[in-house]
Amino acid sequence: MEIKRNIRRNCISIILCKILLVVLVLGCRDNKAVLEESEKQLDAGTPEAAIAGLEAFIETAPEEPKARLLLGKAYNELGRHTDAVEQLRRASQLYAAQPEARTIARLELARTYLRFGDRISAFRVLRLVQRSTSDPKVLREIIGLVGDSYRTKQLTDGDSDNYSPTFSPDGTQIAFSSFRADNGELYLMDLNGRIRRRVTFTTDFNDSSPAFLTTPNYLFYSSEPKSTRDVKVVIQSSGSTPIYAGFNLTHIHSKTTQAVLPVSFGARVPRTSPVGDQVVYESNVDGNLELYLLDLSEVDLAQFTPEDVEPRRITFNEIDDGSPTFFPDGKRLMFVSSRNEVNQLYTIDIDGQNEVHFNPNRYDCYNPTVSPDGKTIAYVSARGGDWEIYLIDADGKNERRITNDIGRSIQPAFSPDGRQLAFVSDRSDTFHIYLMSFDAPVTSEDLVKRLQ
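Residues numbered from 1 in each chain as written. Predicted model: local features only at pLDDT ≥ 70, side-chain atom pairs only at ≥ 80, totals over all residues. Heavy atoms only, no water.

How do you make sense of the overall build of the protein when you look at a structure like this?
Broken down by element type, the protein carries eight helices and 24 strands. For the protein, the C-alpha atoms occupy an extent of roughly 115 × 50 × 40 Å along the three principal directions. A buried classification covers 50% of the 452 residues belonging to the protein. Contacts spanning at least 24 positions in sequence make up 46% of the contacts within the protein whose residues lie at least 6 apart. Here the protein displays about 22000 Å² of accessible surface, and carbon together with sulfur accounts for 50% of that area. Between the centroid of the 53 positive side chains of the protein and the centroid of its 63 negative side chains there is a distance of 11 Å. (Helix = DSSP H or I, 4+ residues; strand = E, 2+ residues; numbered from the N terminus. Buried < 20%, exposed > 50% of the residue type's maximum accessible area, 1.4 Å probe, protein only. Contact = heavy atoms within 4.5 Å. Areas by Shrake-Rupley, 256 points an atom, 1.4 Å probe, with all protein chains shown as cover. Lys, Arg positive; Asp, Glu negative; His and termini not counted. Charge placed at Lys NZ, Arg CZ, Asp CG, Glu CD.)

This is the structure:
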């Protein structure tokens, strides 16, 4: 009788264990489903929905580190940085036995500190990560959080704003606009920042956006009547705002200048083709911002009139299309459009066919430019409360940020060999031009110095 009772008790125990196991498995599946759904909501740009589910989840599972990590990210999306810090610090503690996951949580914590300006706390956390890993990928990410990813030098100096850099076809000079004469004028400098010459002399106009034609020594640029003493550095135009600007063409040695489009045309942001004397630009002359093409290849650049050049419209949309740039083959363009209320990158053939949304995401993107080999796109993205320069492969993959300093970094321009990038930043309180070398990535030794 006793043996049977023991057997019965054992059977009951086994059954109870199986029931408990099933409950635990189902609970884990439910937990996993909640976390997966929260991640999807974050990716979709709906952090409010993710927060509601995660806060309820943590009430029942307060020791789940991933839930706290996701909740910290969601709080960050809404600007609730203090709440985010609390969750991310707790996630880091709960991940103590999982070094890789702990690194992810600490990196997110450092990003949060940086978002609301606490660089001291951010660097303290990043020093902990740097000392605990030798993973090159993690070290590159830390480098990207505390400064530029490649070694950079400042080319211009002084109290005047400098902007709109572009390389000469031979890569030995950079044309740019500067307000050093109390209005925007064009200058040429070498790659060490030494001024070679002043190109324009128009005290009543602000000249900007220089672009070299393939015909040597000709510089195409935008000219706008000077209305105030303030510098106007346009990141993205709006078709609803009048544009009082036109285009000129000047020979950098003879100073001979030709009007191409009069100021009344409202044209801006010219970019020249790398394979011929063609210019693409944005204009709101037809009611909203659209792309247009000028073909100067059959024109005598030494003597012509605006009547000799007929602009051809490329895009026909109710939404603004602007900031165009050529691909190296001269047959395709990349541009910015504000569809879905977010500025995104699109591509299109110069005949207006085959339009493609290049980089679907939920962040504003500006100032695209394509590398000379066509493999990489540089652009400005506004995310995390900052404007920085990113690179992305031409297939839309492998996005990475390459600038991260105090202030905004804008207007990237590739050198003809693709080994350098000129850009504009106000990291010193004034807009200056910087030169980044892709041949000189920041090293681990450089990182240690930065974190100190």
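It is not clear to me how the packing of aromatic side chains should be interpreted in this structure. Could you clarify?
When we look at a pair of aromatic rings, we describe it by the centre distance and by the angle of the planes. For the coordinates displayed, the defined rule picks out 11 aromatic pairs. Residues tyrosine 113 and phenylalanine 116 carry aromatic rings whose centres are separated by 6.2 Å and whose planes lie at 55 degrees to one another, so their mutual orientation is tilted. With a relative accessible area of 6%, tyrosine 113 lands in the buried category. On the numbers, 5.2 Å between centres and 55 degrees between planes, the contact of phenylalanine 220 with phenylalanine 247 is tilted. Linking phenylalanine 220 in strand β7 (residues 218-225) with phenylalanine 247 in strand β8 (residues 246-251), this pair joins segments that are 27 residues apart in sequence. The exposure classification of phenylalanine 220 matches that of phenylalanine 247, with both residues buried. Through pairs of rings, three or more aromatic residues link up here, namely Phe220, Phe247, Tyr281 and Tyr292. Directly above the ring of tyrosine 390 sits arginine 383, whose terminal nitrogen or CZ lies 4.4 Å from the centroid. (Phe/Tyr/Trp six-rings, centres within 6.5 Å; stacked < 30°, edge-to-face > 60°. Lys NZ or Arg CZ within 6 Å of the ring centre and 35° of its normal.)

What's the story with the environment of valine 299 in this structure? I'm lost.
You can see valine 299 is positioned in the loop between β12 (290-295) and β13 (312-313). When the C-alpha atoms of valine 299 and glutamate 388 are compared, they prove to be 39 Å apart, with 89 residues separating the residues in sequence. Discounting residues that sit within four places of it in the chain, valine 299 has contacts with Phe304, Asp308 and Val309.

What am I meant to see in helix α6 (residues 119-132) here?
Every α-helical turn comprises 3.6 residues, leaving residues that sit three or four positions apart pointing alike. Compared with the 20 Å implied by 1.5 Å per residue over 14 residues, the 20 Å span of α6 between its first and last C-alpha is a close match. Buried within α6 are the following residues: Ser121, Ala122, Phe123, Val125, Leu126, Val129 and Gln130. (Expected span 1.5 Å × (residues − 1).)

Sorry, what's going on with the pairing of strand β24 (residues 432-441) here?
Burial within β24 is extensive, with seven of its 10 residues counted as buried. For strand β23 (residues 420-425) and β24, the ladder comprises six bridges, and the chain directions are antiparallel. Looking at β24, one finds that phenylalanine 423 is bridged to tyrosine 434. Hairpin connection, β23 to β24: the antiparallel pair is bridged by six residues, and aspartate 429 has positive phi, about 80 degrees. (Pairing = 2+ DSSP bridges.)

I would appreciate a short explanation of unusual backbone geometry in the present structure.
Trans is the prevailing form of peptide bonds, just as negative phi is the prevailing case for residues other than glycine. For valine 269, which is not glycine, the phi torsion reads 55 degrees and is therefore positive. Tracing the backbone through its elements, the reader meets valine 269 in strand β10 (residues 267-272). Accessibility expressed as a relative area gives 19% for valine 269, which makes it buried. Here serine 323, not a glycine, exhibits a phi torsion of approximately 50 degrees, which is positive. Locating serine 323 in the fold gives a position in strand β14 (residues 321-326).

When you look at helix α5 (residues 99-115) in this model, what are you seeing that I'm missing?
Compared with the 24 Å implied by 1.5 Å per residue over 17 residues, the 24 Å span of α5 between its first and last C-alpha is a close match. Residues of α5 that are buried include every one of Ala101, Thr103, Ala105, Arg106, Leu107, Glu108, Leu109, Ala110, Thr112 and Tyr113, and no others. For α5, the secondary structure elements touched by its buried residues are α3 (65-77), α4 (81-94), α6 and α7 (136-146). Looking one or two places after α5, you find glycine 117, whose phi comes out positive at around 85 degrees.

Explanation requested: the pattern of salt bridges in the structure shown.
It is possible for side chains bearing opposite charge to pair when their charged atoms get close. Counted under the stated rule, the structure contains 21 salt bridges. For arginine 383, the salt bridge is made with glutamate 399, and the minimal N-O distance between the two is 3.2 Å. Taken as a pair, arginine 383 in strand β19 (residues 376-383) and glutamate 399 in the loop between β20 (386-393) and β21 (400-401) lie far apart in primary sequence, 16 residues in all. (Salt bridge = Lys/Arg side-chain N within 4 Å of Asp/Glu carboxyl O.)

I would appreciate a short explanation of the pairing of strand β3 (residues 173-178) in the present structure.
When a strand is regular, its side chains alternate between the sheet's two faces. Taking burial as the measure, the six residues of β3 include six buried ones, the bulk of the element. In β3, alternate side chains face the same way, and those of Gln173, Ala175 and Ser177 on one face and Ile174, Phe176 and Ser178 on the other are all buried. By the bridge criterion, four bridges tie strand β2 (residues 162-167) to β3 in an arrangement that is antiparallel. In the sheet register, asparagine 162 faces β3, and the bridge partner there is serine 178. In this structure, the hairpin formed by β2 and β3 is closed by a connection of five residues, where glycine 171 is found at a positive phi of approximately 75 degrees. In terms of strand pairing, β3 meets strand β4 (residues 185-190) through six bridges, oriented antiparallel. Opposite glutamine 173, over in β4, you have aspartate 190 as the bridge partner.

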